[in-house]
Amino acid sequence: MSDDKTRDIFITGLKNAHAMENQALSIMKPQVKRIENYPDVAARLEEHIRETEGQISRLDEILTSLAEDNSSLKDAALSFTGSMAALGHTVAGDEILKNSMANFAFEHFEIAAYKSLITIAELGGFAATVNLLQASLDEEIAMAAWLDGNLRPTTIKFANLKEAGVSAKV
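Here we summarise the structure given alongside this text. The shown structure was predicted, so the numbers you read here are calculated from the model rather than taken from an experiment. (Residues numbered from 1 in each chain as written. Predicted model: local features only at pLDDT ≥ 70, side-chain atom pairs only at ≥ 80, totals over all residues. Heavy atoms only, no water.)

With that settled, the discussion passes to the overall build of the protein. Counting its regular elements, the protein contains 5 helices and 0 strands. Each helix (α) and strand (β) of the protein, taken in turn from the N terminus, gives the series α-α-α-α-α. Evaluated residue by residue, the protein yields a buried proportion of 45% over its 170 residues. A total of about 8,600 Å² of accessible surface is found on the protein, and carbon and sulfur atoms cover 58% of it. (Helix = DSSP H or I, 4+ residues; strand = E, 2+ residues; numbered from the N terminus. Buried < 20%, exposed > 50% of the residue type's maximum accessible area, 1.4 Å probe, protein only. Areas by Shrake-Rupley, 256 points an atom, 1.4 Å probe, with all protein chains shown as cover.)

Written as structure tokens, this is what we have:
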């Protein structure tokens, strides 16, 4: 594969990751605003929102170093779909559970995206970017692990609140 083609693959992946992180923000921000009965979930989402903003900054830094820019169209399109996904769960009686499951799946999508980007960076000679991408990957792995460890307690709390007749959805 030519260096130009590898660079093109890398740039496309970076722009996709930038849009993906904007989508993540558009999913998490509405969720955290609606959470009332799960302060631990709200706190971790707020922390991950800050991490995601840092991930976007790192992607901007990498793109700038390569004399490239993010794709405003991709960013807008994925932000819109993320907002619609978050909105779709608001009508569910088990919104907190649906959000927890969707967030778990999305974190694993992000993990895969960063692993792929790191591979392309290594193949294409963009070694200077690997540490920045690895930092984002580490944050995504930590968030996925947190979600995994908290799915059972969140489900139990939801069931207990529901059984007690308390609003349990968020």
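Turning to the pattern of salt bridges, a few remarks are in order. Per the stated rule, a full pass over the model turns up 8 salt bridges. Here Glu 139 and Arg 58 are joined by a salt bridge, their closest N and O atoms 2.6 Å apart. Placement of Glu 139 in helix H5 (residues 130-163) and of Arg 58 in helix H2 (residues 39-65) is noted, with a sequence separation of 81 residues between them. A salt bridge links Lys 98 to Asp 94, with the shortest nitrogen-to-oxygen separation between them at 2.9 Å. Judged by its relative accessible area of 33%, Lys 98 is partly exposed. (Salt bridge = Lys/Arg side-chain N within 4 Å of Asp/Glu carboxyl O.)

At a minimum axis separation of 14 Å, H2 and helix H4 (residues 95-124) run at an interaxial angle of 25°. Of the possible angle classes, the one that applies to H2 and H4 is roughly parallel. You can see that H2 and H4 cross each other, and the crossing is left-handed. Residues Val 41, Leu 45, His 48, Gln 55 and Leu 59 of H2 lie in contact with H4, whose contacting residues are Ile 96, Asn 103, Glu 107, Glu 110 and Tyr 114. Partitioning the contact of H2 with H4 into residue classes produces 5 nonpolar, 3 polar and 2 charged. (Axes fitted to C-alpha atoms, helices over the stretch in contact; angles between N-to-C directions. Parallel < 35°, antiparallel > 145°, perpendicular 65-115°, else oblique. Left-handed = near helix turned anticlockwise from the far one by under 90°. Contact = heavy atoms within 4.5 Å. Nonpolar A, V, L, I, M, F, W, Y, C, P; charged D, E, K, R; others polar.)

Across the interface, H4 lies against H5 with an axial gap of 9 Å and an inter-helix angle of 160°. Our classification of the angle between H4 and H5 gives roughly antiparallel. Here H4 runs over H5; the crossing is left-handed. Class assignment of the residues belonging to the contact of H4 with H5 gives a composition of 17 nonpolar, 7 polar and 6 charged.

According to the stated counting rule, one finds 2 aromatic pairs in the structure shown. Each ring, one from Phe 10 and one from Phe 126, has its centre 4.7 Å from the other, and the planes form 15°; the classification is stacked. With Phe 10 in helix H1 (residues 3-34) and Phe 126 in the loop between H4 and H5, the pair connects residues that are 116 residues apart, well separated along the chain. You'll find Phe 10 and Phe 126 in the same group, each marked buried. Seen from their ring centres, Phe 106 and Phe 109 are 6.1 Å apart, and the 35° between their planes marks the pair as tilted. Taken together, the residues span about one helical turn, with Phe 106 and Phe 109 both in helix H4 at a distance of 3 residues. The exposure class of Phe 106 is buried, given its relative accessible area of 15%. Stacked on the ring of Tyr 38, the Lys or Arg Lys 157 has its end atom at 5.3 Å from the ring centre. (Phe/Tyr/Trp six-rings, centres within 6.5 Å; stacked < 30°, edge-to-face > 60°. Lys NZ or Arg CZ within 6 Å of the ring centre and 35° of its normal.)

Ranked by size, the top nonpolar core spans 39 residues in total, and within it Phe 10, Leu 14 and Leu 133 carry the most contacts. Among the elements of the structure, H1, H2, H4 and H5 are those that each provide at least two residues to this core. Ranked by the residues each element gives to this core, the list is headed by H1, at 10 residues. Every residue in contact with Phe 10, bar those within four places of it in the chain, is listed here: Ile 62, Leu 66, Leu 117, Ile 120, Ala 121, Phe 126, Thr 129 and Leu 133. (Core = buried A, V, L, I, M, F, W, Y, C linked by side-chain atoms within 4.5 Å.)

Bringing the side chain of Glu 51 into the picture now. With respect to the element layout, Glu 51 can be found in helix H2. A residue is classified by how much of its surface remains accessible, and Glu 51, at 17% relative accessible area, is buried. In contact with Glu 51, other than residues within four places in its own chain, are Arg 44, Arg 58 and Glu 139.

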